[in-house]
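# Coordinates in review
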Amino acid sequence: MSGRIEVQVPDLGEFEDVDVVEILVSRGDPVGVEDPLIVLESDKATMEVPSSGAGTIAEIRVSVGDKVSAGDVIVVLEGAEGKAQTEAAGEPEEKKGKRRDEAEPGKAGEADERAREERKPAREDEEARADRDAESKRPEPEREEPVRGEPEAEEPSAGPRRPPESVDETPGERVPAHASPAVRRFARELGVEVEQVEGSGPKGRILRSDVQEHVKRIVRTGGGTAPPAAAPAVDPAKFGPVDREPLSRLRRTAAANLHRAWTQVPHVTQHDEADVTDLETFRAGLRDEAGERGVKLTPVAFVVKASAAALLRFERVSSQLDASGETLLLKRYVHVGVAVDTPDGLVVPVVRDADRKGVFELAAEIADLAGRARSRRLSPGEMQGASFTVTSLGHVAGTGFTPIVNAPEVAILGVSPARIRPVWRDGAFVPRKLMPLSLSYDHRVIDGVLAARFTAWICEALGDLRRLLL
Ligand code: CAO
């Protein structure tokens, strides 16, 4: 028979006035026998209503939020082949069993199979839309769908109609992995096991946005590891007066970069101390000459100089991983970034070819870059292309810190204030000026031994500047 078929809600047993929570088809969709049309949800169960015939959806008579009972018309099929479902409402179980047999693959006919294939994209759009609506309006329905790579032969259109499933209603207890068919399909497409997703919908149901958040967290944390639970939202104004200070664009950008580097780069920090007693004597002796040149010669210029020399000797520290993470790009230049503290946040201008510059030139360039960073007059190009970064708190305080690698670079050297300390030498304590250095590095690229040798080499060079000539 071919013509129009009104598909009705089948016998729902004890249920009446059941909520329509999802429409799985759109007008114009071709459907096959037993293809799910809508999802119903009572307070105890959810179920799909399958099509009783094959054809094209001419009308959809229900909307999400409607209440339906057995016999209500859901959709009208055009060019339909199959039986009007008038009989289905209240038909005896044996008959339903027979109808299920008719719908088995091979028996439903090739036309049905083709129809199912053709309508997939349109239906998925509809599902996606329905899910988005659902997130703001209603609880998500549940239905068993193949997960974890179960074969597509489990497609609902080919399988028997499922009876209503009972839902654990224990108050406060989270029902595991409740998600709509569309959400489960969406999760499958992204390779996500829906059981792993934390549901934020009513009764812990998993929404499309939960799957998206889950994937975002995995990407942010570099994959594999379980995402940390979000910090609880606490309103500090409950405990006293609070002022609000919007973050500058620069701070927000820096925060995003720091967070990405912190979560994606496996960091280790190597601490060491440089004996800068002789360096400080030498630096003090250069004060007049530096003044004549209009330069303030601070320890930072010496640290940059020693780092540049070390980078020439330890080429792996001057590298980065390519996008695939499988190839190391060794940089045949020595551009050193110097972190500058500005009122708007941290900025890292870059001293080009630091290995070819003397300490006066380095000191002048660092002062110039720092001054322009603070007055926001750096060009973007002046903050790019570093092979390594030096970050100094030497003018502030502290005995060491763990800087965050300025990715895609693989190492950063933190400098803390030099202080006179007792050092055991030749059977006695002698006063020496020691400067703490903290090298944070990307452990994917740099092994601990390399990091220790690299840092020790810088300490030796700062301890005896003649080493820079070797
Ligand atoms: N030990 C002892 N004294 C040090 C020192 C050290 N390691 N490093 C610098 N100093 C002294 C300088 O000699 C100078 O002393 P005088 O004024 O007596 O001559 C004083 O500290 C101030 O130096 P400065 O700040 O003018 O210049 P600088 O070369 O030391 O630093 C710059 C320049 C741009 C690196 C610095 O101003 C800056 O912005 N640092 C902040 C970096 C930062 O915030 N990093 C983030 C850390 S977390 O990743």
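Above this text you will find the structure in question.
Below or above, wherever it landed, is the structure these notes cover. Every value quoted in this text rests on a predicted model; they were computed, and no experiment measured them.

Parameters at a glance
Residues numbered from 1 in each chain as written. Predicted model: local features only at pLDDT ≥ 70, side-chain atom pairs only at ≥ 80, totals over all residues. Heavy atoms only, no water. Core = buried A, V, L, I, M, F, W, Y, C linked by side-chain atoms within 4.5 Å. Buried < 20%, exposed > 50% of the residue type's maximum accessible area, 1.4 Å probe, protein only. Helix = DSSP H or I, 4+ residues; strand = E, 2+ residues; numbered from the N terminus. Contact = heavy atoms within 4.5 Å. Expected span 1.5 Å × (residues − 1). Near = heavy atom within 4 Å. Polar contact = N/O pair within 3.5 Å; in protein donor to acceptor, adjacent residues only side chain to side chain. 1 Å grid on protein atoms, 1.4 Å probe; cavity = no way out; pocket = protein on both sides within 12 Å on 5 of 7 lines; lining within 4 Å. Sits in = over half its atoms within 2 Å of the grid points. Points joined across faces, edges and corners; volume = space filled by probe spheres on them.

Next up on the list: the nonpolar core. Generally speaking, a soluble globular protein has its nonpolar side chains buried in company with each other. Counting 55 residues, the largest nonpolar core has Phe388 and Leu462 as the members making the most contacts within it. Those elements that place two or more of their residues in this core are helix 8 (299–313), strand 13 (336–338), helix 9 (359–374), strand 17 (388–392), strand 18 (411–415), strand 20 (428–442) and helix 10 (448–463). For this core, the leading source of residues is helix 8, giving ten residues. Contacts of Leu462, omitting those with residues within four sequence positions, involve Ala274, Asp275, Val276, Leu279, Phe302, Val303, Ala306, Met435 and Leu437. One finds Ile5, Leu12, Val18 and Ala80 within the second-largest nonpolar core, a separate group that totals 21 residues.

Attention now moves to helix 8. In a regular helix each residue adds 1.5 Å, so 15 residues correspond to 21 Å; helix 8 covers 21 Å between its end C-alpha atoms and thus fits that length. Three or more residues of helix 8 are buried, namely Val300, Ala301, Phe302, Val303, Val304, Lys305, Ala306, Ser307, Ala308, Ala309, Ala310 and Leu311.

With that settled, the discussion passes to the site of the ligand. Neighbouring the ligand are 22 residues; Thr298, Asp341, Arg374, Thr391 and Ala418 lie closest to it. Thr391 has a polar side-chain atom sitting 2.6 Å from a nitrogen atom of the ligand. The contact in question runs from a nitrogen atom of the ligand to an N or O atom on the backbone of Ser392, over 3.0 Å. When atom positions are compared with the pocket grids, the ligand is found to occupy the second largest pocket.

Following the sequence through the fold, Glu280 ends up in helix 6 (residues 277–285). With a relative accessible area of 15%, Glu280 lands in the buried category. There is a polar contact of 2.8 Å between the side chain of Glu280 and the side chain of Arg283. For Glu280, the contacting residues outside a window of four places in its chain are Pro299 and Lys433.

Before going further, it helps to spend a moment on the layout of surface pockets. Quantified by volume, the second largest pocket comes out at close to 720 Å³. Looking at the second largest pocket, it is lined by 31 residues, and the ones nearest its centre are Thr298, Val300, Arg374, Ser392 and His395. For the lining of the second largest pocket, the secondary-structure elements that each account for two or more residues are helix 8, strand 14 (340–342), helix 9, strand 17 and strand 20. When residues in the lining of the second largest pocket are grouped by element, the largest group, six residues, is from helix 9.

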